[in-house]
Amino acid sequence: MKLNIEKSWLNQLEKEFNKRYFKDLIYFIKNQYNKKVCYPPSDLIFSSLNNCSLRDVKVVIVGQDPYHGRNQANGLCFSVDSKVVNPPSLNNIFKEISDDLNCEIRKKGDLMDWSKQGILLLNSILTVEEGIPGSHSNKGWETFTDNILKLVSNNKNHIVFMLWGGYAKKKDFLISKTNNLILKTGHPSPLSANRGYWFGNKHFSRCNDYLIKHGYKPINW
């Protein structure tokens with residue numbers, strides 16, 4: 001597995017790569033990918049960084065770990081390959097966007113276009129073994145991605161951070177609340193959404209209103 005990471009991130013994260021935890025993490029990940037079926041494909045592990053440079057970030061959406069089914073994960077949180085059926089959580093995201101912005105329900109599950117608009121679609125854990133959610137937790141990814149959140153918070157102003165569900169909400173301590181907007185709500189999974197913790201959050205209009213207010217181009221959701 002090669003650490004081919006976009007230059008603006010590489011320059012800021014280079015110190016992390018030399019730390020013991022990261023070397024141990026990469027050793028573990030290489031062994032897992034050699035011995036087992038893991039996702040996303042190895043060349044897409046850092047897709048969230050490679051398709052949204054640090055200088056372009058204006059929104060951060062925090063996920064937990066990749067989808068663990070075949071051909072689903074593509075390195076962007078909540079996103080799936082366009083050839084597979086959208087997971088229920090993703091469809092609930094699209095329904096809320098439609099209700100919030102009074103637009104047609106999006107069908108395309110590949111969120112690369114969001115990434116290209118300046119949305120950092122960051123899972124806390126960047127890899128997973130097939131069929132076993134959370135299988136690569138507590139191996140070092142959380143330390144690495146927490147540092148990414150702190151990096152964005154410390155080096156950028158007026159960023160919208162979207163924290164969906166209990167796991168993501170716990171990351172709010174990493175983010176400066178002075179110069180950023182933190183939007184928190186329930187997870188878009190059916191279990192949470194059907195209990196009333198997701199629909200009606202209006203995160204997407206609130207995000208765009210904030211971006212416009214601070215001179216950014218709004219997101220075409």
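Above: the structure in question.
Definitions and limits used
Residues numbered from 1 in each chain as written. Predicted model: local features only at pLDDT ≥ 70, side-chain atom pairs only at ≥ 80, totals over all residues. Heavy atoms only, no water. Helix = DSSP H or I, 4+ residues; strand = E, 2+ residues; numbered from the N terminus. Buried < 20%, exposed > 50% of the residue type's maximum accessible area, 1.4 Å probe, protein only. Contact = heavy atoms within 4.5 Å. Pairing = 2+ DSSP bridges. Axes fitted to C-alpha atoms, helices over the stretch in contact; angles between N-to-C directions. Expected span 1.5 Å × (residues − 1). Arc of directions from axis to C-beta. Parallel < 35°, antiparallel > 145°, perpendicular 65-115°, else oblique. Nonpolar A, V, L, I, M, F, W, Y, C, P; charged D, E, K, R; others polar. Left-handed = near helix turned anticlockwise from the far one by under 90°.

Undergrad: For this particular structure, what's the right way to read the side chain of His203?
TA: Positionally, His203 belongs in helix 9 (residues 203-213). Overall, the relative accessible area of 1% leaves His203 in the buried class. When sequence neighbours within four positions are dropped, the list of residues in contact with His203 reads Asp100, Met162, Trp164, Leu183, Lys184 and Thr185.

Undergrad: How do you make sense of the sheet that holds strand 3 (residues 119-123) when you look at a structure like this?
TA: Within a beta sheet, neighbouring strands are joined by backbone hydrogen bonds and run either parallel or antiparallel to one another. Pairing is parallel in the open sheet, where four strands are placed in the order 3-2-5-6. The open sheet has two free edges, formed respectively by strand 3 and strand 6 (181-185), since each of these has just one partner strand. The mean angle between the axes of side-by-side strands here comes to 15°, regardless of whether they run parallel or antiparallel. Two strands pair when backbone bridges link them, and strand 2 (residues 59-63) and strand 5 (residues 160-164) are joined in this way by four bridges, in the parallel orientation. Residue Val59 lies in a different strand from strand 5, and its bridge partner there is Val160. The strands that helix 6 (residues 141-155) touches are strand 2, strand 3 and strand 5; relative to strand 3, the one it contacts most, it runs at about 155°.

Undergrad: What am I meant to see in helix 2 (residues 20-35) here?
TA: Since there are 3.6 residues in each turn of an α-helix, residues three or four apart along the chain are aligned in direction. The end-to-end C-alpha separation of helix 2 is 23 Å, in line with the 22 Å expected for 16 residues at 1.5 Å each. The complete set of buried residues in helix 2 reads Tyr21, Phe22, Leu25, Ile26, Phe28, Ile29, Gln32 and Tyr33. One side of helix 2 carries all its buried residues, which in axial view fall inside an arc of 165°. Opposite the buried face of helix 2, at more than 90 degrees from it, the exposed residues are Arg20, Tyr27, Asn34 and Lys35. Tucked inside the fold, the buried residues of helix 2 contact helix 1 (7-17), strand 1 (38-39), strand 4 (128-129) and helix 6.

Undergrad: Just to check I follow, could you spell out the environment of Gly69 for this structure?
TA: Along the chain, Gly69 turns up in the loop between strand 2 and helix 4 (88-101). Since its relative accessible area comes to 19%, Gly69 is described here as buried. Along the primary structure Gly69 and Gly131 are separated by 62 residues, whereas in three dimensions their C-alpha atoms are 6.1 Å apart.

Undergrad: Can you walk me through the packing of helix 4 against helix 9 in this structure?
TA: Any two packed helices are characterised by how steeply their axes cross, that is the angle between the axes, and by the distance between the axes. Running from amino to carboxyl end, helix 4 crosses helix 9 at an angle of 60°, the nearest separation of the two axes being 8 Å. With respect to helix 9, the axis of helix 4 lies oblique. Residue-level contacts link Ile93, Glu96, Ile97, Asp100 and Leu101 of helix 4 to His203, Phe204 and Ser205 of helix 9. Taken together, the residues of the contact of helix 4 with helix 9 break down into four nonpolar, two polar and two charged.

Undergrad: Help me understand the packing of helix 1 against helix 6 in this model?
TA: At a minimum axis distance of 11 Å, the contact between helix 1 and helix 6 shows a crossing angle of 140°. The orientation of helix 1 with respect to helix 6, classified from their angle, is oblique. Every pair of crossing elements has a handedness; the one defined by helix 1 and helix 6 is right-handed. Where helix 1 approaches helix 6, its residues Trp9, Gln12, Leu13, Glu16 and Phe17 are matched on the opposing element by Phe144, Asn147, Ile148, Leu151 and Val152. Residues that form the contact of helix 1 with helix 6 fall into these classes: seven nonpolar, two polar and one charged.

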